[in-house]
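# Residue-level structural notes
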Amino acid sequence: MPANTTVAPMALAGLKVIEMGQLIAGPFASKLLGEFGADVIKIEPPGVGDPLRKWRKIKDGTSLWWHVQSRNKRSLTLDLKQAEAQDIVRQLVAEADILVENFRPGTLEGWGLGYDALKAINPRLIMLRISGYGQTGPYRDLPGFGVIGEAMGGLRHLSGYAGQAPVRVGVSIGDSLSSLYGVIGVLLALQERGRSGEGQEIDVALYESVFAMMESLVPEYDAFGYIREPAGSALPGITPSNSYPCNDGSYVLIAGNGDSIYKRLMTLIGRDDLGNDPRLAQNDGRSQHAELIDTAIGEWTAGRGRDEVIEALKGARVPAGYPYTAADIVQDPHYLARQMIETVQTPVGPLKVPGVLPKLSRTPGRIGAGGPQLGEHSEDILAGLGLSEEQVKGLRERGVI
């Protein structure tokens, strides 16, 4: 790097975040903040830690997911049911900008750590609260995981094929969408705090985050009494956009729903009769004849291998692709060129993980180490609050940390 080059501070440098959540929704939100420079202190129960440490594939006793979800964080163990631990949280809050939590509503209030109590300590505190149904309403006290939010939000009804059991997307999309809305809320609150000097509470519900993605689901019902149903691999009302079989047992996804793209696609597959049909010139007409169009495309792809199909579609400037596996992703030159596969150092050795989004030109995000070991930073954090070694030892002996 040239000597006169100045490195700009990271976008969220100087912000202090306390993470009191577990599993996915809360921790994913604070992960995003940590990737852009916020100092994230993750509070975990002594002895066991966040349950995510034991989810999915485990290596040397720790989930590999942990090194994605908890990278860049510092781990502090606290038994939040104990008064001494609650006092430590209050001390941390006094210096914090943001608190992230995803307990069931009322849990923090039961510990004397609700928003009103913490705001009295630090009026600038921004508190992100993610729960199944939100902090208000008749369902607020019900337990809610992402899968339930996906169901209530309308997504599960649309997933899969008509007449079959609804399927999940394959990842915890309800939790992750809630995290994204939560981070948007935090950034909005930070912007407003710059004017007013005051923090605020952000209430994110899992089902609402999913529901917000449902496009025209409600107005279609309101206007026509129409209930959208699952449509398998197709995109109802947007034609052609579907997956099509190839002769090697694979599938390609083709999005030929732009008017000019559609004509190029029909020329490519030798169906200018469909490309020049005035009934099919625009999307509303094509959608009335989706089966006819999909059959023609499927007959063309079925006589060719996947790579041949993809190359032909690229040449015709028709958007196309195929379902990537993890193996496809880590080898793809475009992923690599955009630093979307990075390597972190972990106690189990180097590990490939997803890169950072979004990509900022002047103050980009970063990945430091993988997820911390349980309580790895407890002593340092408590020392920063002014506790002596003897006091920390006593907390440990009493099971507070």
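Residues numbered from 1 in each chain as written. Predicted model: local features only at pLDDT ≥ 70, side-chain atom pairs only at ≥ 80, totals over all residues. Heavy atoms only, no water.

### A closer look at the overall build of the chain
Formally: Secondary structure follows DSSP: runs of H or I at least 4 residues long count as helices, runs of E at least 2 residues long count as strands, and numbering of each begins at the N terminus. For every residue, the accessible area obtained with a 1.4 Å probe (protein chains only) is divided by the maximum for its type, and the residue is called buried under 20%, exposed over 50%, and partly exposed between those limits. The criterion used for residue contact is that any of the two residues' heavy atoms lie within 4.5 Å. In short, Shrake-Rupley with a 1.4 Å probe defines the accessible areas, and a residue's cover is counted only from the protein chains shown. Positive charges come from Lys and Arg, negative ones from Asp and Glu, while His and the chain ends are left out of the count. A charged residue contributes its charge at one atom only: NZ of Lys, CZ of Arg, CG of Asp or CD of Glu.
What the chain contains, in helices and strands, is 19 helices and 13 strands. For the C-alpha atoms alone, the extent of the chain along its principal axes is close to 85 × 55 × 45 Å. Within the chain, the fraction of its 401 residues that count as buried is 44%. Summarising the internal contacts of the chain: among those between residues at least 6 apart in sequence, 67% fall at separations of at least 24. Of the roughly 20500 Å² of accessible surface on the chain, a fraction of 55% belongs to carbon and sulfur atoms. Positive and negative side-chain charges of the chain, numbering 40 and 47 respectively, have mean locations separated by a distance of 3 Å.

### Some thoughts on the side chain of Arg 71
Rule in force here: Any pair of N or O atoms that falls within 3.5 Å is considered a polar contact. Within protein, one atom must be able to donate a hydrogen and the other to accept it, and sequence-neighbouring residues count only if both atoms are side-chain atoms.
When you line up the elements, Arg 71 lands in the loop between α2 (66-69) and β5 (73-77). For Arg 71, a relative accessible area of 1% gives the class buried. Within the structure, Arg 71 has its side chain in polar contact with the side chain of Glu 35 (distance 2.6 Å). Here the side chain of Arg 71 touches Pro 354 through a polar contact of 2.8 Å, landing on its backbone oxygen. Setting aside anything within four residues of it in sequence, one finds Arg 71 in contact with Lys 31, Glu 35, Trp 66, Val 353, Pro 354, Gly 355, Val 356, Ile 367, Ala 369, Gly 370 and Gly 371.

### Examining the sheet that holds strand β8 (residues 201-205)
As a reminder of what qualifies: Here the rule is simple: two strands pair whenever DSSP picks up at least two bridges between them. Only the stretch in contact is used when fitting a helix axis, every axis being a line fitted to C-alpha atoms; angles between N-to-C directions are given from 0 to 180 degrees.
With respect to topology, 6 strands assemble into an open sheet ordered β5-β2-β1-β6-β7-β8, the strand pairing being parallel. Pairing within the sheet leaves two strands with one partner each, and these edge strands are β5 and β8. Neighbouring strand axes in the sheet, compared pairwise and without regard to direction, differ in orientation by 20° on average. Two strands pair when backbone bridges link them, and strand β6 (residues 98-101) and strand β7 (residues 126-131) are joined in this way by 4 bridges, in the parallel orientation. Paired with Val 100 across the bridge in β7 is Leu 128.

### Section: helix α10 (residues 217-224)
For an α-helix the count is 3.6 residues per turn, leaving residues at separations of three or four pointing the same way. Burial within α10 is sparse, with just 0 of its 8 residues counted as buried. Looking one or two places after α10, you find Gly 225, whose phi comes out positive at around 70°.

### Notes on the sheet that holds strand β11 (residues 320-321)
Taken in spatial order, the 3 strands line up as β9-β10-β11 in an open sheet, and their pairing is antiparallel. Every other strand in the sheet has two partners, leaving β9 (241-245) and β11 as the edge strands with one partner each. With 2 bridges connecting them, strand β10 (residues 251-255) and β11 associate as antiparallel partners. Within β11, the residue paired with Ile 254 across the bridge is Ala 320.

### Brief notes about the domain arrangement of the chain
When the parts of a complex come together, some accessible area is lost, and that lost area is often taken as the interface size. This is how it is decided: Where each domain begins and ends is defined by an automated method or by a domain database.
Taken domain by domain, the chain comprises domain 1 (16-213 + 338-398) and domain 2 (241-245 + 251-321). A straight line from the C-alpha centre of domain 1 to that of domain 2 covers 44 Å.

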